[in-house]
Amino acid sequence: MRHLPYFCRGEVVKGFGRGSKELGIPTANFSEQVVESFPSDIPTGIYYGWACVGNGDVHKMVLSIGWNPFYKNIKKSVETHIIHTFKEDFYGEILSIVITGYIRPEKNFDSLDALISAIQEDIEEAKRQLDLPEHLKLKEDNFFHLPEGKVVNNH
Ligand code: ADP
Ligand code: MG
């Protein structure tokens, strides 16, 4: 897909309080400013890749690029679920991600159970894909080891 791999770094802000955490799938939201820096033609949907909070370890992640209900769905939101159990929340920290692949478009679900099982399947798919050499190699990318602000896309 065009634009991939896509590198991005920004502060974790409060989301819409949709209760993702209560579902067991917390999503770290990027600020509007970071979202605006994304290519405007990047399709909404579910993606996967690698993520790192501050200077921490690099973990697998799934990410949704969706329509932002706060802005009457004319602006996008970008939310990362890191496949790792953190001891504490990390609002205000810098989240670095590289998006390496695409899973599926956004969907509406008939029930909460259907939504949760779809997300669990997305997570399994992400884990499998990220073990392939093509995606695994990005885990070691210098992007995750460089000081902030020194990285540009398509490097
Ligand atoms: P919000 O609506 O504020 O985004 P969420 O219910 O989506 O609330 O929870 C997101 C927050 O949970 C993140 O900002 C982060 O601080 C915390 N968090 C804890 N573990 C994770 C994780 N594995 N992946 C993403 N966020 C996590
Ligand atoms: Mg969230």
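Residues numbered from 1 in each chain as written. Chains lettered and ligands numbered in written order. Predicted model: local features only at pLDDT ≥ 70, side-chain atom pairs only at ≥ 80, totals over all residues. Heavy atoms only, no water.

As recorded in an unreviewed UniProt entry, the protein goes by the name Riboflavin kinase, listed as coming from Cyanoderma ruficeps. As stated in UniProt under Pathway (unreviewed entry), the record for the protein gives "Cofactor biosynthesis; FMN biosynthesis; FMN from riboflavin (ATP route): step 1/1." Checking UniProt for the protein, the heading Catalytic activity (unreviewed entry) contains the comment "riboflavin + ATP = FMN + ADP + H(+)". (UniProt positions renumbered as here; feature names shortened; annotations may be inferred.)

Caption draft 1: Highlighting the packing of aromatic side chains. Following the criterion strictly, the structure yields 5 aromatic pairs and no others. Look at Phe7 and Phe143: their rings are 5.1 Å apart centre to centre, the planes differ by 65 degrees, and that puts the pair in the edge-to-face class. Separated by 136 residues along the polypeptide, Phe7 in strand E1 (residues 6-13) and Phe143 in the segment after helix H3 (133-136) bring together distant segments of the chain. In this structure Phe143 comes out as buried when scored by relative accessible area, which is 3%. Centre to centre, the rings of Phe143 and Phe144 are 5.4 Å apart; their planes meet at 70 degrees, and the pair counts as edge-to-face. Accessibility classification places Phe143 together with Phe144 in one group, the buried group. Connected via pairs of aromatic rings, a cluster forms that spans Phe7, Phe143 and Phe144. Stacked on the ring of Phe143, the Lys or Arg Arg9 has its end atom at 4.4 Å from the ring centre. (Phe/Tyr/Trp six-rings, centres within 6.5 Å; stacked < 30°, edge-to-face > 60°. Helix = DSSP H or I, 4+ residues; strand = E, 2+ residues; numbered from the N terminus. Buried < 20%, exposed > 50% of the residue type's maximum accessible area, 1.4 Å probe, protein only. Lys NZ or Arg CZ within 6 Å of the ring centre and 35° of its normal.)

Caption draft 2: Region of interest: the site of ligand 1. With respect to spatial proximity, 19 residues lie near ligand 1, and among them Gly15, Asn29, Ile82, Phe90 and Tyr91 are the closest. Asn29 places a polar side-chain atom, nitrogen or oxygen, 2.7 Å from an oxygen atom of ligand 1. Taken by itself ligand 1 offers 570 Å² of open surface, and the protein chains cover 94% of this. When residues of the shell around ligand 1 are assigned to their parent elements, the largest contribution, 3 residues, is made by strand E5 (residues 76-82). Classifying every residue of the shell around ligand 1 by side-chain character gives 8 nonpolar, 8 polar and 3 charged. (Near = heavy atom within 4 Å. Polar contact = N/O pair within 3.5 Å; in protein donor to acceptor, adjacent residues only side chain to side chain. Areas by Shrake-Rupley, 256 points an atom, 1.4 Å probe, with all protein chains shown as cover. Nonpolar A, V, L, I, M, F, W, Y, C, P; charged D, E, K, R; others polar.)

Caption draft 3: Just the environment of Glu93, in detail. Structurally, the position occupied by Glu93 is in the loop between E5 and strand E6 (94-104). A relative accessible area of 38% means that Glu93 is categorised as partly exposed. Beyond its immediate sequence surroundings of up to four residues, Glu93 is in contact with Gly10, Glu11, Val12, Val53 and Gly54. (Contact = heavy atoms within 4.5 Å.)

Caption draft 4: How the structure looks around the coordination of the magnesium ion (ligand 2). Around the magnesium ion (ligand 2), the donor atoms from the protein are Thr27 (O), Thr27 (OG1) and Asn29 (OD1), and they sit 2.2 Å away. On the basis of relative accessible area, Asn29 is assigned to the buried category, the value being 6%. (Donors = N, O, S within 2.8 Å, 3.2 Å for Na, K, Ca; no water.)

Caption draft 5: How the structure looks around the nonpolar core. Within the largest apolar cluster, 22 residues are counted, with the highest numbers of intra-cluster contacts made by Phe30, Phe38, Leu63, Leu95, Ile97 and Ile99. Contributing elements (two or more residues each) for this core: E1, strand E2 (28-30), helix H1 (32-36), strand E3 (45-53), strand E4 (58-67), E5 and E6. Setting aside anything within four residues of it in sequence, one finds Phe38 in contact with Tyr6, Cys8, Ile65, Val78 and Ile99. Phe7, Trp50, Cys52 and Val98 belong to the second largest nonpolar core, which has 15 residues in total. (Core = buried A, V, L, I, M, F, W, Y, C linked by side-chain atoms within 4.5 Å.)

Caption draft 6: Broad picture of the pattern of salt bridges. If you walk through the whole model with that rule in mind, you get 8 salt bridges. A salt bridge links Asp89 to Lys21; its shortest N-O distance comes to 2.9 Å. One end of the pair, Asp89, is in the loop between E5 and E6; the other, Lys21, is in the loop between E1 and E2, and 68 residues separate them in sequence. By relative accessible area, Lys21 is classed as partly exposed at 41%. Residue Lys127 pairs with Glu124 through a salt bridge whose shortest N-O separation is 3.4 Å. Linking Lys127 with Glu124, this pair stays in helix H2 (residues 112-130), spanning 3 residues, or about one helical turn. Taking the relative accessible area as the measure of exposure, Lys127 reaches 30% and is therefore partly exposed. Exposure remark for Glu124: the relative accessible area of 39% places this residue in the partly exposed category. (Salt bridge = Lys/Arg side-chain N within 4 Å of Asp/Glu carboxyl O.)

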